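In case you want the letters, here they are:
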Amino acid sequence: MLEQVEAPRLVACDTMNFWIQGKAEELRKTLARTQILLVNDSEARELSGEWNLVKAARAIRALGPRIVVVKKGSTVS
């Protein structure tokens, strides 16, 4: 879909484990063109390979997004 938009002013993305685990290369290409990424805490850890969320966000920013929003996962017991 991103290929169909001419000169987007802002690209935001929300990913999920399916893309992180099954389509990692395609996800990385998309992240390189993304300014804002929204992920939950477990996705951030999985995508970055870092347990510490600050380090995870920094590692993800190195993939392209200027802004990384890490959402708190479910707290249901």
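Below is a summary of the structure that appears in this document. (Residues numbered from 1 in each chain as written. Predicted model: local features only at pLDDT ≥ 70, side-chain atom pairs only at ≥ 80, totals over all residues. Heavy atoms only, no water.)

## With respect to the overall build of the chain
Alright, step 1. Scanning the chain for helices and strands turns up 4 helices and 3 strands.
Alright, step 2. Its helices and strands taken in sequence order, the chain reads β-α-α-β-α-α-β from the N to the C terminus.
Alright, step 3. For the C-alpha atoms alone, the extent of the chain along its principal axes is close to 45 × 20 × 20 Å.
Alright, step 4. Out of the 77 residues belonging to the chain, those deemed buried represent 26%.
Alright, step 5. Separation between the mean location of the 12 positive side-chain charges and that of the 9 negative ones in the chain comes to 7 Å. (Helix = DSSP H or I, 4+ residues; strand = E, 2+ residues; numbered from the N terminus. Buried < 20%, exposed > 50% of the residue type's maximum accessible area, 1.4 Å probe, protein only. Lys, Arg positive; Asp, Glu negative; His and termini not counted. Charge placed at Lys NZ, Arg CZ, Asp CG, Glu CD.)

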